[in-house]
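Tertiary structure, described
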Amino acid sequence: MRRCNLLFFLIFIATITACQPEGNSGSSKSDPTLNDTNVELGIGVDVVVEGNKTTETGESILFKVRLTSQPSEQINVDIICSNNNEGMVNPVQLSFTETNYQTFQEVTVTGIDDNEDDGDQIYNIQLIVSSDSFSETIPNVLKLTNIDDDTPGLNIGDISGATTEEGGQATFTLRLRFQPIADVTVSLASSDTNEAAVEPAFLNFTPENWDINQTVTVTGIDDDLIDGDQIYSIYFAEIESAD
C-alpha cells in the first residue's frame, strides 16, 4: 500500500458575503483545489489543510475552518463529500457566531474501504456556507485521493478428505478476496491427470456472488501402477475478467 508522508498547509482566504453592505453580492466564484493558495472565493472562510490523501485502511486527513470577518448572524458551514464510498467527513456541519468566528473548527476526512479493486480514487470536498439570509456553495475546496488497498486474489478454504485410487474425494472452497467490477472466471486443473480429476473445471464469480464460497471436488484416479502414494497439485490455471 502506498503512503503519503508529506504534510503541508494551504490557506484559502476571501471576503464574506454576509458581512458586506446590502446590495453587494460578493466576488466571482472560482474553483480552488489543493494547488491553489490565497484564492478569492467570494466568502470569508479560511481553510487550513493537513495532507491530501486518505486510505482504505482508514487513514484520515484533517482540515480547519474559520471565518475571516465577524458575522452579524449565525453562519453554518456544511461539509459535503463528493463520494461517500471513498471518504467520510466528521462533523458534517460547523456553526460560527459573532463570538467564535475567529476560532478554527476541525473537520476529519476518513478513507472508506469499498471492497472493490478500483484503484486510487479522487474525490472532492465542498463547502456550503449559509445563514438565514443567504447561501453560497464553494465547490472543490479540497481535492483528495483515497488510496486503494484491494488486491485481486482468492480465499482458499481448508481441504476436507483425501483422494485415493479407489475414487476417494477431497473438497475445498474458493471465493474472491474483494468484490470485482465485472465477472471473474477461475480455471482449475490437476498437475497430474493420471492421479486426480478436478470438478468443476471453471468457477464463475460475479459482483453479486463474489464473497460466497464455491466448492471444488478432487477425485482420485486409479492408474493401474504400483507406484505408491503420489503427490500432486491443483493449479488455478487462469483468472480471466473484463474488470
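Quantities reported herein were computed from a predicted structural model and do not represent experimental measurements.

Examining the overall build of the chain
When you go through the chain residue by residue, the secondary structure sums to zero helices and 18 strands. Evaluated residue by residue, the chain yields a buried proportion of 38% over its 243 residues. The long-range fraction of contacts in the chain, counting pairs at least 24 apart against all pairs at least 6 apart in sequence, stands at 65%. When the accessible surface of the chain is totalled, it reaches about 13200 Å², and 45% of it is carbon and sulfur.

Here we look at the nonpolar core
For soluble globular proteins, the rule of thumb is that nonpolar side chains tend to be buried together. The biggest cluster of nonpolar side chains holds 26 residues, and the ones touching the most others in it are Val47, Phe63, Ile125 and Leu142. Listed by contribution, the elements that provide at least two residues to this core are strand 2 (45–50), strand 4 (60–67), strand 5 (75–81), strand 7 (93–96), strand 8 (105–111), strand 9 (121–130) and strand 10 (135–147).

A few points about the sheet that holds strand 5
Backbone hydrogen bonds hold the strands of a sheet together, and the pairing may be parallel or antiparallel. Within the open sheet, the five strands sit side by side as 3-10-9-5-7. Their pairing is mixed. Among the strands making up the open sheet, the edge pair consists of strand 3 (53–55) and strand 7. On average, adjacent strands in this sheet sit at an angle of 30 degrees to one another, irrespective of strand direction. As paired strands, strand 9 and strand 10 are joined by nine bridges and run antiparallel to one another. What sits directly across from leucine 127, in strand 10, is isoleucine 138.

Here's the deal with the environment of alanine 196
Here alanine 196 is to be found in strand 15 (residues 196–199). For alanine 196, a relative accessible area of 1% corresponds to the buried category. Once the C-alpha coordinates of alanine 196 and serine 233 are considered, the two residues, 37 residues apart in sequence, prove to be 9.1 Å apart. Setting aside chain neighbours within four positions, we find alanine 196 in contact with Ser190, Val218, Thr219, Gly220, Ile221 and Tyr232.

Examining the pairing of strand 6 (residues 87–90)
Side chains Gly87 and Val89 of strand 6 all project onto a buried face; the interleaved residues Met88 and Asn90 project onto a face where none is buried. Looking at chain direction, strand 6 and strand 8 are connected through four bridges and run antiparallel. Looking across to strand 8, one finds that asparagine 90 is bridged to threonine 108.

Some details on the pattern of salt bridges
Counted by the stated rule, this structure contains two salt bridges. Taking the shortest distance from any N to any O, the salt bridge between arginine 66 and aspartate 46 comes out at 3.1 Å. Taken as a pair, arginine 66 in strand 4 and aspartate 46 in strand 2 lie far apart in primary sequence, 20 residues in all. Residue classification places arginine 66 among the partly exposed positions, given a relative accessible area of 27%. Judged by relative accessible area, which is 7%, aspartate 46 ranks as buried.

A short note on the confidence of the model for the chain
For the chain, per-residue confidence averages 79 on the pLDDT scale, and residues scoring 70 or more make up 79% of the total. Contacts of residues 1–42 to residues separated by more than four positions or lying in other chains number 108 contacts, the stretch itself having pLDDT below 50.

What to know about the side chain of serine 190
Structurally, serine 190 is set in strand 14 (residues 184–190). There is a polar contact of 3.0 Å between the side chain of serine 190 and the backbone oxygen of aspartate 192. Within the structure, the side chain of serine 190 is placed 3.3 Å from the backbone oxygen of alanine 196, a separation counted as a polar contact. When sequence neighbours within four positions are dropped, the list of residues in contact with serine 190 reads Ala196, Val198, Tyr232, Ser233 and Ile234.

Considerations on unusual backbone geometry
With omega at 0 degrees, the peptide bond leading from asparagine 90 into proline 91 counts as cis. The residue aspartate 224 is not glycine, and still its phi comes out positive at about 60 degrees. For aspartate 224, the location among the structural elements is in the loop between strand 17 (214–220) and strand 18 (234–241).

Cut-offs and rules
- Residues numbered from 1 in each chain as written.
- Predicted model: local features only at pLDDT ≥ 70, side-chain atom pairs only at ≥ 80, totals over all residues.
- Heavy atoms only, no water.
- Helix = DSSP H or I, 4+ residues; strand = E, 2+ residues; numbered from the N terminus.
- Buried < 20%, exposed > 50% of the residue type's maximum accessible area, 1.4 Å probe, protein only.
- Contact = heavy atoms within 4.5 Å.
- Areas by Shrake-Rupley, 256 points an atom, 1.4 Å probe, with all protein chains shown as cover.
- Core = buried A, V, L, I, M, F, W, Y, C linked by side-chain atoms within 4.5 Å.
- Pairing = 2+ DSSP bridges.
- Axes fitted to C-alpha atoms, helices over the stretch in contact; angles between N-to-C directions.
- Salt bridge = Lys/Arg side-chain N within 4 Å of Asp/Glu carboxyl O.
- pLDDT = per-residue confidence, 0-100.
- Polar contact = N/O pair within 3.5 Å; in protein donor to acceptor, adjacent residues only side chain to side chain.

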